[in-house]
Amino acid sequence: MNDDSYDQLADALDRLPNGFPRTPSGVEIRIIKKAFTAEEAALAGRMSRTYETLEAISDRLGLSEATVKPLLKSLLPRGLIRRKHVEGLAMYRLGPFLVGWYEAMMGRLRHDREFAELFEQYLKEGGGDRILAPRPGLLGVVPVRGSLKPEQLQGHEDIDAHFARHERFSVIDCVCRLERNLVGGDCTMPMKCCGFTGLPPHTPLSEDVLDREQAIALFGKLEEQGLIHLGFYGFTSSAKSPQFVGCCNCCGDCCGVLRGTNDLGLAEGPQRSNHRAAINLDSCIACGNCIERCQVNAITEDADGMPELNLDRCIGCGSCVIGCAGEAIEMVPVSPGEWFDVPSSFEEWEEIRLRNLEAE
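Figured I'd write up the structure that's included with this text.

What counts and what doesn't
- Residues numbered from 1 in each chain as written.
- Predicted model: local features only at pLDDT ≥ 70, side-chain atom pairs only at ≥ 80, totals over all residues.
- Heavy atoms only, no water.
- Axes fitted to C-alpha atoms, helices over the stretch in contact; angles between N-to-C directions.
- Helix = DSSP H or I, 4+ residues; strand = E, 2+ residues; numbered from the N terminus.
- Parallel < 35°, antiparallel > 145°, perpendicular 65-115°, else oblique.
- Left-handed = near helix turned anticlockwise from the far one by under 90°.
- Contact = heavy atoms within 4.5 Å.
- Nonpolar A, V, L, I, M, F, W, Y, C, P; charged D, E, K, R; others polar.
- Buried < 20%, exposed > 50% of the residue type's maximum accessible area, 1.4 Å probe, protein only.
- Pairing = 2+ DSSP bridges.
- Core = buried A, V, L, I, M, F, W, Y, C linked by side-chain atoms within 4.5 Å.

In this section: the packing of helix H6 (residues 97–108) against helix H10 (residues 175–182). Running from N to C, H6 and H10 cross one another at 55°; their axes reach a closest spacing of 10 Å. One element, H6, and the other, H10, form an angle in the oblique class. Viewed along their axes, H6 and H10 form a crossing whose handedness is left-handed. Facing H6, whose interface residues are Tyr102, Glu103, Met106 and Gly107, H10 presents Val175, Leu178, Glu179 and Leu182. Across the contact of H6 with H10, the residue classes break down as five nonpolar, one polar and two charged.

Rendered as structure tokens:
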């Protein structure tokens with residue numbers, strides 16, 4: 001097992017719908033080496049997005065189950081391997097880089113500046129283009145509470161229903177802000193701002209586990225500060241239908257997905273919501289709040305000091321709506337041709353993305 005194992009893994013990751021493109025410098029290999037041993041890479045590099053049993057993997061690779069099983073067990077918490085149970089039988093597949101094992105490793109290597117610098121280099125060399133640009137996006141924009149009228153809400157946008165379903169919530173540090181601060185960023189937004197996924201009601205409370213009242217209070221504070229919701233698709237938590245199950249709360253300076261738009265100049269970044277902002281200039285008092293709150297620079301100031309909206313950049317987050325002092329902004333639905341039906345499973349998400357990639 002040598003560097004060929006890492007090259008094989010990089011190619012296998014790039015064959016996934018999420019993508020992991022190669023770069024001129026080969027920085028992606030350095031990223032993998034920071035995260036995994038050659039033995040782990042040799043195993044994962046021969047897997048795909050097809051789920052297999054431990055027995056099938058061992059037989060196909062010509063390895064004993066005693067060799068394969070501990071490797072799979074080691075890779076599961078780091079996200080390089082995904083697992084599901086079918087009729088009580090554990091099955092495994094290769095997991096994507098982003099959103100996937102990068103976040104898991106950034107959490108583990110939270111003080112490793114080199115890992116953060118390698119990721120920054122990877123984005124600058126074009127690695128993010130293939131990962132971030134294809135539709136559907138890695139994360140979906142969920143309009144902030146109060147920006148949509150009740151009749152406009154879809155299941156995956158109903159944040160309050162999510163808080164009503166659970167009594168305990170997991171809240172974690174933002175890995176993007178952690179990574180950016182390691183390489184010299186100075187973002188002052190709260191570090192603990194992501195997740196809000198539901199937990200069993202008996203889960204003990206801690207700084208990472210909040211009760212309903214605490215979670216709602218923190219979530220509201222983050223909305224007030226102008227952070228926007230990039231929601232996890234419902235299948236992330238095995239929801240049987242598209243519903244809100246948690247989110248990252250993001251700013252345009254740190255978020256790896258939003259930076260695809262802001263820093264890389266990609267036409268697409270996150271999967272946009274099914275609504276866009278509409279400004280009534282007759283009611284506008286030119287307070288400037290919408291310009292300050294927009295995390296993708298979709299609203300700028302014109303020569304007369306009035307807000308000017310670029311719909312091509314608007315992602316439908318609704319932050320400008322709840323921050324408008326003159327109540328001059330509302331959210332309007334996109335056209336039927338732009339409407340996005342949220343997938344109900346990870347496999348469905350992958351199939352849609354593959355079709356879109358083939359059509360390019």
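Okay, back to it.
A two-sided burial pattern is seen for strand E9 (residues 247–250), the buried positions comprising Cys247 and Asn249 on one face and Cys248 and Cys250 on the other. Pairing of strand E8 (residues 228–231) with E9 involves four bridges; the strand directions are antiparallel. Each bridged residue has a counterpart across the sheet, and for His229 the counterpart in E9 is Asn249.

The next thing to look at is the nonpolar core. Within the largest apolar cluster, 102 residues are counted, with the highest numbers of intra-cluster contacts made by Phe97 and Trp101. Looking at this core element by element, the count peaks at six residues for H6. Non-local contacts of Trp101, meaning those with residues more than four positions away in its chain, are made with Leu13, Ile31, Ile32, Ala35, Phe36, Arg78, Gly79, Leu80, Gly95 and Pro96.

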